[in-house]
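Residues per chain are reported as follows:
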Amino acid sequence: MTQDVEMKDHTAPSNSVSSSAPSTLHQLKEIASLIETGTHTKEVRRIVRAIRLTMALRRKLKVQVLSGFLDFVLLPGSEAHSRLSAYLPKVALGLPKRLEEDEHDMEVDTATSTDEARVKHLVPELEIYCYLLVLLFLIDQKKYNEAKACSSASIARIKNLNRRTVDVLASKLYLYYSYSYELTGDLAEIRGNLLGLHRIATLRHDELGQETLLNLLLRNYLHYNLYDQAEKLRSKAPRFEAHSNQQFCRYLFYLGKIRAIQLEYTDAKDNLLQAARKAPVAARGFRIQCNKWAILVRLLLGEIPERTVFMQKGMEKALRPYFELTNAVRVGDLELFRSVAEEFADTFSTDRVHNLIVRLRHNVIRTGLRNISISYSRISVADVASKLRLDSTNPVADAESIVAKAIHDGAIDATLDHTNGWMVSKETGDIYSTIEPQIAFNSRITFCLNMHNEAVRALRYPPNTQKEKESAEKRRERQQQEQELAKHIAEEEDDDDF
């Protein structure tokens, strides 16, 4: 008897814990009700919250859960239900007995209330949400061909919907539509569709859709190295305030890449650093890519990134090739630079920065020449060629032309004696006697002011629709009370006159 009592005491807490944790299907039903509420009240923030909750459940999506959710939201036998069910594997369609029993224990409504809920949930937003769930499941299961078909069907459905509450869901479907085609290597096929969708979003004043589609088009062009077309599209696209921080970070990253290829290194550096700084902490892969490009752009500008850039948490291994490259540029050793470029050639080719690496050779030579001019007050051009380790047929003549161009560009403060074949360095002056410190402080102040202004513009508040309804009712009550008060005061004044 005592053993039985002890066993009951031990098993009771485990049952309570399992029942207290809601299942994935139950959580999806709550998200569906949240989307429905946001649709009826026209509160987009509720739909944004629903998508955020969905991304947290992404790894828990199973065939049985999706099938049960489709049966709950869509009418069985309808066109949308049949189409979406066809994308799911045929083996496990329908809920297992155990899952049905768990859901039966959690659900309080009867069969009639379920039927009423089905009829109640027939809103376009929920249909689009079902497309999003199935598409996420197919991509995670690496069924890319089915994902392409599902995403294409969802895009065809979205074109017929002009509702502001669909815009948030549509922007997510645009993203995975392009991603599914990118995974199969068919990204060029949808470029015309993306341009058409961007035109539709512009006509419908869907600014979030415009942001997403513009970034997808830029990514499409940059994927095939079409930088000129990407810049033409970006320059002619309508401009407006950013609605999504993630999309704004992507836009800055693509703009920084375009600027870097077009030799506009100062603007590219600002855009890339801003994208890395604004990116969420969880987006480590995106921040790594931003830092890779920012490091190369800073090297091309003649700057040496700090060691802390390469020691960021979770980025040490990915940034190791760029650390070795930076060390070679800092030293000005052309032979070391060549060996690093050959050692990590596969990495640089995968990151698609090989053309920037080729440009860095000139910076390595200039850095080495600057170090030589600082170390020697006078040195022969032949010794300059040997120290720079120039691998050419006539290194002395090449070294002389390099020194002459560096002096002309102001990279070094020296003179070239062609008669004796010498490079004579001038004495270094006091930098604080120039305006360079003032320029540095001005750039820092400008950076702080821009960050403050962006933070102020990024402040958001929930829509004030409910308060406006309440204020209208209160306004009537206040006007009625004021009329009664004015009448009462007038009667008192009449009494005082008597």
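Computed from a prediction, not measured in an experiment: that's the story for all the values here.

## Examining helix α14 (residues 245–261)
Next, step 1: Over its 17 residues, α14 runs 25 Å from end to end, which matches the ideal 24 Å to within 8%, given 1.5 Å per residue.
Next, step 2: Of all 17 residues in α14, 13 are buried; the element is thus mostly enclosed.
Next, step 3: Backbone geometry just after α14 places L263 at a positive phi near 70 degrees.

## Some remarks on the packing of aromatic side chains
Next, step 1: By the definition in use, this model includes 7 aromatic pairs.
Next, step 2: Measuring from centroid to centroid gives 5.3 Å for Y322 and F348, while their planes differ by 75 degrees, and the two rings are edge-to-face. Remark: F348 occurs in helix α20 (residues 345–350) and Y322 occurs in helix α18 (residues 320–331); sequence separation between them is 26 residues.
Next, step 3: Given a relative accessible area of 0%, Y322 falls into the buried group.
Next, step 4: Connected via pairs of aromatic rings, a cluster forms that spans F253, Y254 and F286.
Next, step 5: The side chain of K29 reaches across the aromatic face of F72, ending 4.7 Å from its centre.

## Here's the deal with the nonpolar core
Next, step 1: Counting 128 residues, the largest nonpolar core has L28, F69, L84, W293, F337 and M423 as its most contacted members.
Next, step 2: For this core, the element with the most residues is helix α8 (residues 124–140), which contributes 13 residues.
Next, step 3: Setting aside chain neighbours within four positions, we find M423 in contact with L369, I372, S373, S377, R378, I379, V403, I412, A414, T415 and L416.

## As for a nonpolar patch on the surface
Next, step 1: Together, F441, I445 and L449 make up an exposed nonpolar region whose accessible area comes to about 330 Å².
Next, step 2: Looking at where F441 falls in the secondary structure, it is placed in helix α24 (residues 436–457).

## Concerning the confidence of the model for the protein chain
Next, step 1: Summarising the model, the protein chain shows a mean pLDDT of 78, and 81% of its residues fall at 70 or more.
Next, step 2: Under a pLDDT of 50 for its full length, residues 1–20 has, in the predicted model, 0 contacts with residues more than four places off or in other chains.
Next, step 3: Note on residues 91–121: pLDDT is under 50 here. Beyond four places in sequence and across chains, it has 32 contacts.

## Considerations on helix α9 (residues 144–158)
Next, step 1: Relative to the 21 Å expected for 15 residues at 1.5 Å per residue, α9 spans 21 Å between its end C-alpha atoms, a close match to the ideal helical length.
Next, step 2: When α9 is considered as a whole, its buried residues turn out to be A147, K148, C150, S151, A153, S154, I155 and I158.
Next, step 3: Each element contacted by the buried residues of α9 is listed here: α5 (79–87), α8, α10 (167–183) and α11 (191–203).

About the thresholds
- Residues numbered from 1 in each chain as written.
- Predicted model: local features only at pLDDT ≥ 70, side-chain atom pairs only at ≥ 80, totals over all residues.
- Heavy atoms only, no water.
- Helix = DSSP H or I, 4+ residues; strand = E, 2+ residues; numbered from the N terminus.
- Expected span 1.5 Å × (residues − 1).
- Buried < 20%, exposed > 50% of the residue type's maximum accessible area, 1.4 Å probe, protein only.
- Phe/Tyr/Trp six-rings, centres within 6.5 Å; stacked < 30°, edge-to-face > 60°.
- Lys NZ or Arg CZ within 6 Å of the ring centre and 35° of its normal.
- Core = buried A, V, L, I, M, F, W, Y, C linked by side-chain atoms within 4.5 Å.
- Contact = heavy atoms within 4.5 Å.
- Patch = residues over 30% accessible without salt bridge, like charges linked within 9 Å, V, L, I, M, F, W, Y side chains within 5 Å.
- Areas by Shrake-Rupley, 256 points an atom, 1.4 Å probe, with all protein chains shown as cover.
- Salt bridge = Lys/Arg side-chain N within 4 Å of Asp/Glu carboxyl O.
- pLDDT = per-residue confidence, 0-100.

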